[in-house]
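# Topology and contacts: notes
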Amino acid sequence: MIERHDFADGAALAGALAAAVAEKLRQGIAARGAASLAVSGGRTPARFFAALAQQRLPWSEVVVTLVDERWVPLESERSNEALLRDGLLQGRAAAARLVSLVSAAETPEEGVAEVATRIATLPQPLDVVVLGMGLDGHTASFFPEGDRLAEALDPEGRLPVLPMRAPGAGEPRITLTLPLIAAAGTVYLHIEGQDKAAVLAQALQPGPVEALPLRAVLRGCARPPEVFWCP
């Protein structure tokens, strides 16, 4: 069974999720001197980023990365890293170390080895992962019909990141793989709207993970994800 937290609006959700994430990061720092956080991009996390940036943390002991990224320049309006830099890594939180998921390579296939080397520098297992979800049931860049979906969802897979191309993805992507996400101390699923609540309800039912890849996370995490939702 997943634990679900419902809120009246996005502001209330953002504040509660930021407080929960900050507490997990404090625990990670207390336990091993550093903590790791992987967050999702897109439009939904903007308020959460702003709220988390205000949390009083020893930010210099926090390492931040993305769950997945579009293989685009930082200057692109589609760059998740740009949103992360502008929305979270401000003020106190600017002291955190950012591990980027993109490189100067032309394609994610050419750049994945370099990114994997960077990911290896993260404190692991990850302390916190914050996922989003699309209406097609994708999370991270686990897209239906993704060219490397089966490999990315393999619970025995040894690669921390993989390229991903899919009809619904737009640009080529790079994504953390399921084993890295599933091993995290805490996984949060941040969704907003009745339509996404309906997709989550469907994902909780029996069915193939290829149709709704979120199922792989719901079924595969060491601890079931906690859902933060608002209408």
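Basis of the calculations
Residues numbered from 1 in each chain as written. Predicted model: local features only at pLDDT ≥ 70, side-chain atom pairs only at ≥ 80, totals over all residues. Heavy atoms only, no water. 1 Å grid on protein atoms, 1.4 Å probe; cavity = no way out; pocket = protein on both sides within 12 Å on 5 of 7 lines; lining within 4 Å. Points joined across faces, edges and corners; volume = space filled by probe spheres on them. Helix = DSSP H or I, 4+ residues; strand = E, 2+ residues; numbered from the N terminus. Nonpolar A, V, L, I, M, F, W, Y, C, P; charged D, E, K, R; others polar. Buried < 20%, exposed > 50% of the residue type's maximum accessible area, 1.4 Å probe, protein only. Pairing = 2+ DSSP bridges. Core = buried A, V, L, I, M, F, W, Y, C linked by side-chain atoms within 4.5 Å. Contact = heavy atoms within 4.5 Å. Phe/Tyr/Trp six-rings, centres within 6.5 Å; stacked < 30°, edge-to-face > 60°. Lys NZ or Arg CZ within 6 Å of the ring centre and 35° of its normal. Axes fitted to C-alpha atoms, helices over the stretch in contact; angles between N-to-C directions. Salt bridge = Lys/Arg side-chain N within 4 Å of Asp/Glu carboxyl O. Parallel < 35°, antiparallel > 145°, perpendicular 65-115°, else oblique.

## Details of the layout of surface pockets
- Considering only enclosed or pocket space, the largest pocket measures out at about 550 Å³ in volume.
- Around the largest pocket sit 29 residues that line it, and Gly41, Gly42, Met133, His138 and Lys196 are the ones nearest its centre.
- Residue assignment for the lining of the largest pocket shows that the elements contributing at least two residues are α2 (46-53), β4 (68-70) and β6 (128-131).
- Looking at side-chain class alone, the lining of the largest pocket contains 11 nonpolar, 12 polar and six charged residues.

## Regarding unusual backbone geometry
- Cis geometry is adopted by the peptide bond preceding Pro125, which originates at Gln124 and carries an omega value of 0°.
- Among the structural elements, Pro125 can be located in the loop between α4 (108-119) and β6.
- Despite not being glycine, Ala140 has its phi angle at roughly 50°, a positive value.
- Inspection of the secondary structure puts Ala140 in the loop between β6 and α5 (149-152).
- Residue Ala140 is classed as buried on the basis of its relative accessible area, which comes to 6%.
- A positive phi angle, close to 70°, is found at Glu145, a residue other than glycine.
- Inspection of the secondary structure assignment puts Glu145 in the loop between β6 and α5.

## A closer look at the pairing of β6
- Because side chains alternate across β6, one face comprises the buried residues Val128 and Val130, and the other comprises Val129 and Leu131, equally buried.
- Two elements, strand β2 (residues 35-39) and β6, share two bridges in a ladder whose sense is parallel. Residue Ala38 lies in a different strand from β6, and its bridge partner there is Val129.
- Note: β6 against strand β9 (residues 186-192), four bridges, orientation parallel. Each bridged residue has a counterpart across the sheet, and for Val130 the counterpart in β9 is Tyr188.

## Brief notes about the nonpolar core
- Val21, Phe48 and Leu88 are the most contacted members of the largest nonpolar core, which totals 77 residues.
- If you tally residues by element for this core, the top one is helix α1 (residues 10-32), at eight residues.
- When near neighbours in sequence (up to four residues on either side) are disregarded, Val21 contacts Leu37, Phe48, Leu52, Val128, Val130 and Tyr188.

## Points about the packing of aromatic side chains
- Here the structure, examined in full by the defined rule, presents three aromatic pairs.
- Seen from their ring centres, Phe48 and Phe49 are 5.9 Å apart, and the 45° between their planes marks the pair as tilted. Take Phe48 and Phe49: they sit in the same class, and that class is buried.
- One cation-aromatic arrangement involves Arg4 over Trp229; the distance from NZ or CZ to the ring centre is 4.8 Å.

## As for the sheet that holds β2
- Read across the open sheet, the seven strands follow the order β1-β10-β9-β6-β2-β3-β5; overall the sheet is parallel. Among the strands making up the open sheet, the edge pair consists of β1 (3-6) and β5 (97-99). The mean inter-strand angle of the sheet, taken between neighbouring strand axes irrespective of direction, is 20°.
- Sheet contacts for helix α7 (residues 194-203): β1, β9 and β10 (226-230); angle to β9, the most-contacted strand, approximately 135°.

## Some words on the pattern of salt bridges
- Within the structure shown, the criterion is met by 11 salt bridges.
- Between Asp68 and Arg173 there is a salt bridge, with its nearest N and O atoms 3.5 Å apart. A residue pair is termed long-range when its members are at least 10 positions apart, and Asp68 in strand β4 and Arg173 in strand β8 (residues 173-176) qualify at 105 residues. Each member of the pair, Asp68 as well as Arg173, carries the same accessibility label: buried.

## Considerations on the packing of α2 against helix α3 (residues 80-87)
- Relative to each other, α2 and α3 sit at 40°, their axes nearing to 9 Å. In terms of orientation, α2 lies oblique with respect to α3. The residues of α3 that touch α2, namely those facing Phe49, Ala50 and Ala53, are Leu83, Leu84 and Gly87.
- Partitioning the contact of α2 with α3 into residue classes produces five nonpolar, one polar and no charged.

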